[in-house]
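Analysis of the macromolecular model
Chain by chain, the residues:
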Amino acid sequence: MVTYLSALAITLVSELSLLALAAWLLRQPVRRVLLTHLLTNLVTHPGLWLLFPRLDGDPGTRLWAMEVGVTLIEAAALATAGRVRSRLLALGLAVAVNLVSWVLGVYLL
């Protein structure tokens with residue numbers, strides 16, 4: 001059985017680790033990027049878990065749509081509060097880290 005805390009741990013460890021490396025390599029404000037992403041994840045992650053079972057429709061479609069929504073919210077947070085230098089870079093970072101954490105979650109859980 002997949003537990004919420006296991007999924008959250010995989011998400012935070014994988015996404016924050018990748019973001020730390022990417023922000024450092026891209027000369028972005030590492031601490032600000034990590035704090036922004038951590039706080040955003042502490043809102044979006046439980047939101048996805050609480051809302052997903054309550055929506056109608058195909059589970060695959062619902063999950064895909066919600067993951068896209070979460071990624072867009074996280075990209076917006078990185079671009080604004082995280083002060084990533086461009087919206088496109090923020091979107092690329094959000095897509096990359098969410099894809100990796102999703103694949104790890106599917107594999108490990």
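A quick note: this is a predicted structure, and the numbers were derived from the prediction, not measured. (Residues numbered from 1 in each chain as written. Predicted model: local features only at pLDDT ≥ 70, side-chain atom pairs only at ≥ 80, totals over all residues. Heavy atoms only, no water.)

Some details on the confidence of the model for the protein
Residues with a pLDDT of 70 or more make up 99% of the protein, whose mean pLDDT is 94. Per-element averaging of pLDDT across the protein places helix α3 (residues 59–80) at the bottom with 94 and helix α1 (residues 4–25) at the top with 96. (pLDDT = per-residue confidence, 0-100. Helix = DSSP H or I, 4+ residues; strand = E, 2+ residues; numbered from the N terminus.)

A short note on the packing of α1 against helix α4 (residues 87–108)
Where α1 contacts α4, the axes come no closer than 9 Å and their chain directions differ by 145 degrees. Handedness of the α1/α4 crossing: right-handed. Of α4, the residues touching α1 (which contributes I10, T11, S14, E15, L18, L19 and A22) are L93, V97, N98, V100, S101, L104, G105 and L108. Looking at side-chain class alone, the contact of α1 with α4 contains 9 nonpolar, 5 polar and 1 charged residues. (Axes fitted to C-alpha atoms, helices over the stretch in contact; angles between N-to-C directions. Left-handed = near helix turned anticlockwise from the far one by under 90°. Contact = heavy atoms within 4.5 Å. Nonpolar A, V, L, I, M, F, W, Y, C, P; charged D, E, K, R; others polar.)

Here we look at the nonpolar core
Ranked by size, the top nonpolar core spans 12 residues in total: L19, A22, A23, V33, A75, L78, V84, L89, A90, L93, A94 and V97. Elements represented by at least two residues in this core include exactly α1, α3 and α4. (Core = buried A, V, L, I, M, F, W, Y, C linked by side-chain atoms within 4.5 Å. Buried < 20%, exposed > 50% of the residue type's maximum accessible area, 1.4 Å probe, protein only.)

A look at the packing of aromatic side chains
This model, assessed by the stated rule, comprises 1 aromatic pair. Relative to W49, the ring of Y4 has its centre 5.4 Å away and its plane inclined at 80 degrees; by these criteria the two rings are edge-to-face. Here W49 lies in helix α2 (residues 30–51) and Y4 lies in helix α1, a separation of 45 residues in the sequence. For W49, a relative accessible area of 33% gives the class partly exposed. Of note, R62 hangs over the ring of F52, and the distance from its end group to the ring centre comes to 4.4 Å. (Phe/Tyr/Trp six-rings, centres within 6.5 Å; stacked < 30°, edge-to-face > 60°. Lys NZ or Arg CZ within 6 Å of the ring centre and 35° of its normal.)

A closer look at α1
For α1, which comprises 22 residues, the first-to-last C-alpha distance of 31 Å matches the rise-based estimate of 32 Å (1.5 Å per residue) to within 8%. Residues A7, L8, I10, T11, L12, S14, E15, L19, A22 and A23 constitute the buried set of α1. Buried-residue contacts for α1 involve α2, α3 and α4. (Expected span 1.5 Å × (residues − 1).)

Describing unusual backbone geometry
Of note in the backbone geometry, R27 takes a positive phi value of approximately 55 degrees without being a glycine. Inspection of the secondary structure puts R27 in the loop between α1 and α2. We note that R83 has phi near 55 degrees; this positive angle belongs to a residue other than glycine. Position of R83 relative to the elements: it lies in the loop between α3 and α4.

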